[in-house]
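# Fold and contact review
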Amino acid sequence: MCIRDRAITAPTTMSYERIQPGKVAGALEAWGWQAREAAIRICDNVVGHSPSHFEYRPCDVTSNPYLTLGSLITAGIDGIKNNYKLPKAKQLEIWPHNEEDRKTYGLVTLPQKLSETLAYLKEDKVLLDALGYKISTTYTVSYTHLRAHETGRNLVCRLLLEKKKRLRIFILQQLQLLNQICMQSFSTH
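Everything numeric in this text was worked out from a predicted model, so none of it was measured. (Residues numbered from 1 in each chain as written. Predicted model: local features only at pLDDT ≥ 70, side-chain atom pairs only at ≥ 80, totals over all residues. Heavy atoms only, no water.)

This paragraph deals with the overall build of the protein. Across its full length, the protein holds 9 helices and 3 strands. N-terminal to C-terminal, the α/β element order of the protein is α-α-β-β-β-α-α-α-α-α-α-α. Taking all 189 residues of the protein together, 42% fall into the buried category. Partitioning the contacts of the protein with sequence separation of at least 6, the portion at a separation of at least 24 is 61%. Accessible surface, the protein as shown: approximately 11,200 Å² in total, 58% of it carbon and sulfur. (Helix = DSSP H or I, 4+ residues; strand = E, 2+ residues; numbered from the N terminus. Buried < 20%, exposed > 50% of the residue type's maximum accessible area, 1.4 Å probe, protein only. Contact = heavy atoms within 4.5 Å. Areas by Shrake-Rupley, 256 points an atom, 1.4 Å probe, with all protein chains shown as cover.)

Below, the structure written as structure tokens:
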């Protein structure tokens with residue numbers, strides 16, 4: 001569910017210090033109502049029990065918002081196109097803090113190292129194709145290599161600022177594609 005874009009939503013080694021099981025930061029591959037440990041949390045409306053919004057919790061403040069939004073939209077479009085089934089919501093009062101207990105409840109911990117998530121990203125053809133050759137190459141080679149070693153931050157910022165216009169175009173393209181899919185879905189029903 002969240003592994004595919006993890007290198008984009010948590011792009012620094014420091015991201016993984018914060019996003020860990022037991023720290024109420026969405027480090028588990030799960031979703032649920034009011035589930036603070038789950039990667040996706042559906043929040044109740046204050047007045048009633050209808051959903052008011054959702055939170056994508058494993059995202060880190062160091063991520064690029066354009067890439068993050070684009071990668072989440074891309075994952076959603078891929079799920080719709082391929083009819084991926086949403087796993088059952090996890091409704092636990094107390095979330096387990098050790099690996100053995102998490103396995104008992106069928107909970108999977110998201111990767112806890114940047115190097116692991118970079119390996120997933122490099123194999124994710126859908127996301128890399130959606131980013132396009134220039135952005136995906138810049139990100140996987142320049143940006144993530146530098147981030148994995150936590151050096152050259154100024155170069156990373158400069159590279160990303162130069163790509164800002166392309167990223168906006170990428171987001172608009174993904175939103176247009178999502179709109180087309182939704183319109184097709186509504187017209188067939």
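Next comes the rest of the account.
Looking now at the sheet that holds strand β1 (residues 28–33). In sheet architecture, strand pairing relies on hydrogen bonds along the backbone and comes in two forms, parallel and antiparallel. Sheet architecture is open: 3 strands sit in the order β1-β2-β3, paired in mixed fashion. Lying at the two open borders of the sheet, with one neighbouring strand each, are β1 and β3 (51–56). Taken over all neighbouring pairs, the strand axes of this sheet differ in orientation by 15° on average, direction set aside. (Pairing = 2+ DSSP bridges. Axes fitted to C-alpha atoms, helices over the stretch in contact; angles between N-to-C directions.)

A word on unusual backbone geometry. Leaving glycine aside, a negative phi is the common case for residues, and trans is the common case for peptide bonds. At glutamine 34, a residue that is not glycine, the phi angle is positive and equals roughly 55°. Mapped onto the fold, glutamine 34 is located in the loop between β1 and β2 (38–44). Overall, the relative accessible area of 35% leaves glutamine 34 in the partly exposed class.

On to the nonpolar core, then. If you look at soluble globular proteins, the nonpolar side chains tend to sit buried side by side. Ranked by internal contacts, the top residues of the largest apolar core, which has 20 residues, are Ile8, Leu67, Leu121 and Leu131. Sort the elements by how many residues they give to this core and helix α6 (residues 125–131) lands first, with 4 residues. Ignoring any residue separated from it by four or fewer positions in sequence, one finds isoleucine 8 in contact with Ser63, Leu67, Thr68, Ser71, Leu121, Leu127, Leu131 and Tyr139. The next biggest cluster of nonpolar side chains, apart from the first, holds 6 residues, and it includes Leu28, Ala30, Trp95 and Leu107. (Core = buried A, V, L, I, M, F, W, Y, C linked by side-chain atoms within 4.5 Å.)

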